[in-house]
Amino acid sequence: MPHYPQSRLRRLRRWPWLRDLVQEHHLRPTDLIWPIFIASGSTRESIPSLPGVDRIPLGELVGEVAEAVKLGIPVVALFPATPAGLKSEDAAEALNPDNLINRATAIIKAAYPEIGILCDVALDPYSSHGHDGLVHEGYVVNDATVEVLCRQAVIQAQAGCDIIAPSDMMDGRIGRIRSALDHAGFQQVSIMAYSAKYASAFYGPFRQAVGSSANLGAADKKTYQMNPANLEEAFREVNMDIQEGADMVMVKPGMPYLDVLCQIKQRFQFPTFVYQVSGEFAMLKAAAANGWLNESAVMLESLLAFKRAGADGILTYFARDAARILNEL
Ligand code: PBG
């Protein structure tokens, strides 16, 4: 590259049209996956730590998804707020074909077969201890949990789920879930693995939204979710999930882990997603509410940063607001 003054990098920043012409990465509504919390009652419930995000009752779900369809958002991710009375030690409600998530899935599929539905596979919305797996003598046991996750995945596929997203971090679950789905005739249902999922403090508002924080109490998920200090281990996790048949991998959280996202995309050249988690959303919202940050500007900048780092798509609570703005541009 020639040196200054032959080269002047500001030359291509002079006009908006010129900046557009040389822009390297773009954010589109089709990059977004919109997480929706499902309420068990008949009214909409606000979530104090997620301003602007409500738990949606089944009766209002079609209206909500209609907006996603109109905005060109390709996928919604469903999360149930299971009533406390239905939570148990063995999380049996996860296997109820008529539970909140499966009813929500069926309702959406009937109204809008053209939008994708993603469902988490993990036991934390259903367990009285708030853990993602079965607990024996204080430890979240791996193989027995995987058996339950396989059944949960098949039941969700039967309800109409298109993308099974195991968020539990048990070893070996992707391969077992893949063969369970195939044996049940769901070869076309894909798997987005929460592969590099860290034991992060940024999930707080989500746990309030699904009502698992009280169940979890002072416990943590460090025996199954990853240590935030580790990067090479994320490569082993992703490698294992790809070997076992994952169609897409995910990094979570997002902004504090852009290095992990970037390196995974470069190493594996595989469909790679990122979750801008509840705590990241809450931070930006809180600062904007105080007038300290411009909300739409930081929203779009944070989402574009994921694209630059290599994400093929982003799970974000900003999906609707971002898609609205992008459709107006
Ligand atoms: C459940 C699950 C969690 C999130 C997605 N799926 C929470 C957790 O692992 O405790 C977090 C999402 C967010 O914070 O927005 N396994």
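Keep in mind that what you see is a predicted model, and the values were worked out from it rather than measured.

**Concerning the overall build of the protein chain**
If you tally the helices and strands in the protein chain, you get 12 helices and 12 strands. For the protein chain, whose C-alpha radius of gyration is 20 Å, the value lies close to the compact-globule estimate of 20 Å for 329 residues. Projected onto its principal axes, the C-alpha positions of the protein chain cover 70 × 45 × 40 Å. A burial count over the protein chain gives 54% of its 329 residues as buried. In the protein chain, the share of contacts with a sequence separation of at least 24, taken over all contacts with a separation of at least 6, comes to 75%. As displayed, the protein chain offers around 14,800 Å² of accessible surface, 53% of which is attributable to carbon and sulfur atoms. Side-chain charges in the protein chain split into 30 positive and 37 negative, and the spacing between the mean points of these groups amounts to 9 Å.

**Points about the site of the ligand**
Residues in close proximity to the ligand total 18 residues, the closest being Lys 197, Arg 207, Lys 252, Ser 278 and Tyr 317. In the environment of the ligand, a nitrogen atom lies 2.8 Å from a nitrogen or oxygen atom belonging to the side chain of Asp 120. In this structure, an oxygen atom belonging to the ligand sits 2.7 Å away from a side-chain N or O atom of Lys 197. Of all the elements in the fold, those that place two or more residues in the shell around the ligand are strand 9 (190–197) and helix 6 (204–209).

**Remarks on the pairing of strand 5 (residues 116–121)**
Of all six residues that make up strand 5, six are buried, and the element is covered over most of its length. Note that strand 4 (residues 75–80) and strand 5 share four bridges and pair parallel. Its bridge partner lying in strand 5, Leu 78 is registered against Cys 119. Handedness of the crossover joining strand 4 and strand 5 through helix 3 (residues 100–111) is recorded here as right-handed.

**Some points on the packing of helix 10 (residues 278–289) against helix 11 (residues 295–309)**
Orientation of helix 10 relative to helix 11, taken along the N-to-C sense of each, is 155°, at an axis distance of 9 Å. Between helix 10 and helix 11, the interaxial angle falls into the category roughly antiparallel. The chirality of how helix 10 crosses helix 11 is right-handed. Contact with helix 10, carried on its side by Glu 280, Leu 284, Lys 285 and Ala 288, involves Glu 295, Val 298, Ser 302 and Phe 306 of helix 11 and no other residues of that element. Among the residues forming the contact of helix 10 with helix 11, the class breakdown is four nonpolar, one polar and three charged.

**Brief notes about a positive patch on the surface**
On the surface, a cluster of positive charge is contributed by Arg 10, Arg 13, Arg 14 and Arg 19. As for its position among the elements, Arg 19 is in helix 1 (residues 16–21).

**So, the pattern of salt bridges**
The full count for this structure, using the stated rule, is 20 salt bridges. A salt bridge links Arg 320 to Glu 67; the shortest N-O distance between them is 3.6 Å. With Arg 320 in helix 12 (residues 319–328) and Glu 67 in helix 2 (residues 58–71), this residue pair connects regions lying 253 residues apart in the sequence. For Arg 320, a relative accessible area of 18% corresponds to the buried category. Residue Glu 67 is classed as buried on the basis of its relative accessible area of 18%. If you follow the salt bridges from partner to partner, you end up with Arg 44, Asp 54, Glu 60, Glu 64, Glu 67, Arg 320, Asp 321 and Arg 324 in one network.

**Some details on the confidence of the model for the protein chain**
Of all residues in the protein chain, 100% attain a pLDDT of 70 or more, and the chain-wide mean is 97. Per-residue pLDDT, averaged within each element of the protein chain, yields its smallest value for helix 7 (residues 213–216) (89) and its largest for strand 11 (residues 272–276) (99).

**Re the side chain of Ser 167**
Positionally, Ser 167 belongs in the loop between strand 8 (163–166) and helix 5 (173–183). At 2.7 Å, the side chain of Ser 167 and the side chain of Asp 120 are in polar contact.

**Quick word on the nonpolar core**
Most often, soluble globular proteins keep nonpolar side chains buried together rather than apart. Counting 105 residues, the largest nonpolar core has Phe 37 and Leu 181 as the members making the most contacts within it. Looking at which element gives the most residues to this core, the answer is helix 4 (residues 142–159), with eight residues. In this structure, Leu 181 is in contact with Ala 153, Val 154, Ala 157, Ile 164, Phe 186, Gln 187, Val 189 and Ile 191, ignoring residues within four places of it in sequence.

**Things to note about helix 10**
The end-to-end C-alpha separation of helix 10 is 16 Å, in line with the 16 Å expected for 12 residues at 1.5 Å each. Every buried residue of helix 10 is accounted for by Ser 278, Gly 279, Glu 280, Phe 281, Ala 282, Leu 284, Lys 285, Ala 287 and Ala 288. Each element contacted by the buried residues of helix 10 is listed here: helix 6, strand 11, helix 11 and helix 12.

Cut-off values and rules
- Residues numbered from 1 in each chain as written.
- Predicted model: local features only at pLDDT ≥ 70, side-chain atom pairs only at ≥ 80, totals over all residues.
- Heavy atoms only, no water.
- Helix = DSSP H or I, 4+ residues; strand = E, 2+ residues; numbered from the N terminus.
- Rg over C-alpha atoms; globule rule 2.2 N^0.38 Å.
- Buried < 20%, exposed > 50% of the residue type's maximum accessible area, 1.4 Å probe, protein only.
- Contact = heavy atoms within 4.5 Å.
- Areas by Shrake-Rupley, 256 points an atom, 1.4 Å probe, with all protein chains shown as cover.
- Lys, Arg positive; Asp, Glu negative; His and termini not counted.
- Charge placed at Lys NZ, Arg CZ, Asp CG, Glu CD.
- Near = heavy atom within 4 Å.
- Polar contact = N/O pair within 3.5 Å; in protein donor to acceptor, adjacent residues only side chain to side chain.
- Pairing = 2+ DSSP bridges.
- Right-handed = clockwise from strand over helix to strand, strands pointing away.
- Axes fitted to C-alpha atoms, helices over the stretch in contact; angles between N-to-C directions.
- Parallel < 35°, antiparallel > 145°, perpendicular 65-115°, else oblique.
- Left-handed = near helix turned anticlockwise from the far one by under 90°.
- Nonpolar A, V, L, I, M, F, W, Y, C, P; charged D, E, K, R; others polar.
- Patch = residues over 30% accessible without salt bridge, like charges linked within 9 Å, V, L, I, M, F, W, Y side chains within 5 Å.
- Salt bridge = Lys/Arg side-chain N within 4 Å of Asp/Glu carboxyl O.
- pLDDT = per-residue confidence, 0-100.
- Core = buried A, V, L, I, M, F, W, Y, C linked by side-chain atoms within 4.5 Å.
- Expected span 1.5 Å × (residues − 1).

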